Amino acid sequence: MEKFYYQAIKELRIKNNMSQKALSENLGISNRAVSKWENGLSQPSAEHIFSLSKIFNVPMDYFYQKPHINTDKEPISGMNSITEIYKIGRGPSSSHTIGPEKACKIFKSKNPTANFFKIILYGSLAKTGKGHGTDTVIKKTLLPICCDIEFNFIDENIPHPNTMVLIAYKNDLEIDRARVFSVGGGNIVFENSYVESLKTIYKHNKFIDIAEYCKNGKLRLWEYVKENENQQLESHLKEVWETMKASIEKGLESEGILPGGLELQKKAKTLYNSQHIDETPETKENRIVCSYAFAVSEQNADGKTIVTAPTCGAAGVVPAVLYYQQKKNNFNDEQIIHSLMTAGLIGNLIKTNASISGAECGCQAEIGSACAMAAAALGELFGLSIDKIEYAAEIAIEHHLGLTCDPICGLVQIPCIERNAVAAMRAINAVNLASFLWSTRKISLDNVIQTMKETGQDLSSPYKETAEAGLAKIKF
Ligand code: SF4
């Protein structure tokens, strides 16, 4: 018997307004037995399937059929605020730490009388949850209430690769249950409108439409963002920029070994202080920008505070290029914040039309998106036209297409830290190319975002944050 019964039982029970307790009494079994069926932890006997078919008035076959799971996103209309792209939080992984933390906070606040929680992690959350510290964050968030965390490695029949089930108990009786998807960058989606979804504040969600609107209204991209967002955006971005700078500065001072067991040395400080014998301005720029990206990424791997841009794993790319430019060319904070607005808009387009989750689309969705954001930020800072900014962002994603997510031991360290530095340099390269070659381009940003989504869907699951393939197979 395949594990299709569990969804059918739960769906029928809810459809018939029946509690787990009522169903268990009807069947003459324990409440916990029904709970285990619904979680796929045990399966009903043929006799119980027969009883269930009578109770719910459905044929027995109903419990053996593959359920229709709708994995398609809702038809897209508009976009949410770019504040969802920039979240201030602790590393090392937005979808494995910030997202689950947020889900647990909401669930805990909805169940103030609960005296026990059970959390079941599926897919990538189960496979790399230990390395990313998901269990530690969940336990801390639910304190002082105790919780049991189960890593479900078996169930593949899940609607999203980062799925978690939260169950609240009071005196051994289940009082609430919710299924949540951690969709990348610390964003979460509760199933069945358990909580109100975010408001759409942008009416456009394609770059082509935004560009046309801006050109007609003679707006720069950051002005378009400002026109759509509320007044809190600027103060949020000021805090974001301060946090980004602090993560670079603290990362450059930090030494020692990163936690997790790989015995990986922190390198930002060494990189910053080293010098080539025959250092040219170009090699110096490379070294310094990379040291900034290492600094943030090492802070992230160390569980320190960083800003998702758009995720924790890719948090070093955008701050590295902007901090370098501020130091080199004295751009003021206001100019940097405008560039963060434009970068956030690009991240938002990718999040809305494809994905920013390594578990969903591989590293192209994290580092590729961060690189596109950084290239667009630089384009804004240098006052490039909308077409040139678009081309810079497009180049940046295009040359990350197919990039897999294969973190060794499930830790956001190898290849993640170096990958941030390489992407920062690639963003600089992309903006330089775009400023010369924009008039010859053939591929739009919207096209490449769609391609990234399709490529991500075609990537096989072991290459999407499961630590099962690629570099992750190397044993230490
Ligand atoms: S390989 Fe890329 S997507 Fe995967 S954890 Fe590292 S930075 Fe994130």
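Please read all numbers here as calculations on a predicted model, not as lab measurements.

All right, on to the overall build of the protein chain then. Regarding its fold elements, the protein chain presents 20 helices and seven strands. For a compact globule of 476 residues, the expected C-alpha radius of gyration is about 23 Å, and the protein chain comes in at 24 Å, within 12% of that figure. The dimensions of the protein chain, computed from C-alpha atoms along their principal axes, are 80 × 55 × 40 Å. A buried classification covers 49% of the 476 residues belonging to the protein chain. Of the contacts made within the protein chain by residues no fewer than 6 positions apart, 79% connect residues no fewer than 24 positions apart.

This part covers the site of the ligand. For the ligand, the set of nearby residues contains 13 residues, the closest of which are Gly313, Gly358, Cys363, Cys405 and Cys416. Its residues placed into classes, the shell around the ligand shows eight nonpolar, two polar and three charged.

Quick look at unusual backbone geometry now. Following Gly91, the chain continues to Pro92 via a peptide bond in cis, the omega torsion being 10 degrees. Along the polypeptide, Pro92 turns up in the loop between β1 (88–90) and α5 (94–110). Cis geometry is adopted by the peptide bond preceding Pro310, which originates at Ala309 and carries an omega value of 5 degrees. Assignment of secondary structure puts Pro310 in the loop between β7 (305–307) and α14 (317–329). The phi dihedral of Asn57 is positive, around 55 degrees, even though this residue is not glycine. Relative to the helices and strands, Asn57 resides in the loop between α4 (46–56) and β1.

The next point concerns the packing of helix α17 (residues 367–381) against helix α19 (residues 416–437). Relative to each other, α17 and α19 sit at 45 degrees, their axes nearing to 8 Å. As summarised for this structure, α17 and α19 are arranged oblique, according to the angle between their axes. Taken as a pair, α17 and α19 cross one another with a handedness that is right-handed. Residues Ile367, Ala370, Cys371, Ala374, Ala375, Leu378 and Gly379 of α17 form the contact with α19, whose own contacting residues are Arg419, Asn420, Ala423, Ala424, Arg426, Ala427, Ile428, Ala430, Val431 and Ala434.

Further remarks concern the packing of helix α15 (residues 333–353) against α17. Close contact between α15 and α17 brings their axes to 8 Å; oriented N to C, the two are set at 145 degrees. By crossing handedness, the relation of α15 to α17 is classed as right-handed. Between α15 and α17, the contacting residues are Gln335, His338, Ser339, Leu340, Thr342, Ala343, Ile346, Gly347 and Ile350 on the first element and Ser369, Ala372, Met373, Ala374, Ala376, Ala377, Glu380 and Leu381 on the second. When the residues that make up the contact of α15 with α17 are grouped by side-chain class, the tally is ten nonpolar, six polar and one charged.

A common measure of how large an interface is: the accessible area buried when the components associate. As far as domains go, the protein chain holds domain 1 (5–64), domain 2 (94–193) and domain 3 (207–473). On a C-alpha basis, the centres of domain 1 and domain 2 stand 23 Å from each other. Listed by partner, the interface residues are six residues for domain 1 and five residues for domain 2. By residue class, the composition of the side of domain 1 that touches domain 2 is no nonpolar, five polar and one charged.

Turning our attention to the nonpolar core. Ranked by size, the top nonpolar core spans 98 residues in total, and within it Val317, Val321, Ala374, Ala375 and Ala427 carry the most contacts. Per-element tally for this core: the top contributor is α17, with eleven residues. The residues contacting Ala374, other than those within four sequence positions of it, are Val317, Val318, Val321, Ala343, Ala424 and Ala427. Ranked by size, the runner-up nonpolar core spans 27 residues in total, among them Leu142, Leu166, Ile167 and Tyr169.

Before going further, it helps to spend a moment on the pairing of strand β4 (residues 163–170). Burial of β4 is extensive: seven of the eight residues sit out of reach of the surface. Where strand β2 (residues 116–122) and β4 come together, six bridges link them in antiparallel fashion. Following the sheet pairing, Lys118 is matched in β4 by Ile167. With eight bridges joining them, β4 and strand β5 (residues 173–184) adopt antiparallel strand pairing.

Taken in spatial order, the five strands line up as β3-β2-β4-β5-β6 in an open sheet, and their pairing is mixed. Edge strands, defined here as strands with exactly one partner in the open sheet, are β3 (147–152) and β6 (187–190). Looking at each pair of strands side by side, their axes are set apart by 25 degrees on average, direction ignored. Sheet strands in contact with helix α8 (residues 134–142) are β2 and β3, and its direction is about 155 degrees off that of β3.

On to the environment of Leu52, then. Summarising the element assignment, Leu52 is placed in helix α4. The exposure class of Leu52 is buried, given the 24 C-beta atoms found within 10 Å. It is 61 Å that separates the C-alpha atoms of Leu52 and Asp387, two residues lying 335 residues apart in sequence.

Before going further, it helps to examine helix α3 (residues 31–38). Taken together, the buried positions of α3 are Val34, Ser35, Trp37 and Glu38. Projected down its long axis, α3 carries its buried residues within an arc of 160 degrees, all on one side.

Now for α5. Between the first and last C-alpha of α5 there are 23 Å, a value that for 17 residues agrees with the 24 Å anticipated at 1.5 Å per step. Buried within α5 we find Ser94, Ser95, His96, Thr97, Ile98, Gly99, Pro100, Glu101, Ala103, Cys104 and Phe107.

As paired strands, β5 and β6 are joined by four bridges and run antiparallel to one another. If you follow Gly184 over to β6, its bridge partner there is Asn187. Connecting β5 to the next strand, β6, in antiparallel fashion are two residues, including Gly185 with a positive phi near 65 degrees.

Okay, the environment of Ile356 next. Within the secondary structure, Ile356 sits in the loop between α15 and α16 (358–361). Among the residues examined, Ile356 registers 31 C-beta atoms within 10 Å and is labelled buried. Put simply, Ile356 and Gly89 are 267 residues apart on the chain and 17 Å apart in space, counted from C-alpha to C-alpha. If sequence neighbours within four positions are ignored, Ile356 has contacts with Gly184, Gly185, Pro310, Thr311, Gly347, Ile350, Lys351, Ala365, Glu366 and Ser369.

Conventions we followed
- Residues numbered from 1 in each chain as written.
- Predicted model: local features only at pLDDT ≥ 70, side-chain atom pairs only at ≥ 80, totals over all residues.
- Helix = DSSP H or I, 4+ residues; strand = E, 2+ residues; numbered from the N terminus.
- Rg over C-alpha atoms; globule rule 2.2 N^0.38 Å.
- Buried ≥ 20, exposed ≤ 12 C-beta atoms within 10 Å, placed from the backbone.
- Contact = placed C-beta atoms within 7 Å.
- Near = placed C-beta within 6 Å.
- Nonpolar A, V, L, I, M, F, W, Y, C, P; charged D, E, K, R; others polar.
- Axes fitted to C-alpha atoms, helices over the stretch in contact; angles between N-to-C directions.
- Parallel < 35°, antiparallel > 145°, perpendicular 65-115°, else oblique.
- Left-handed = near helix turned anticlockwise from the far one by under 90°.
- Domains from an automatic or database assignment.
- Core = buried A, V, L, I, M, F, W, Y, C linked by C-beta atoms within 7 Å.
- Pairing = 2+ DSSP bridges.
- Arc of directions from axis to C-beta.
- Expected span 1.5 Å × (residues − 1).

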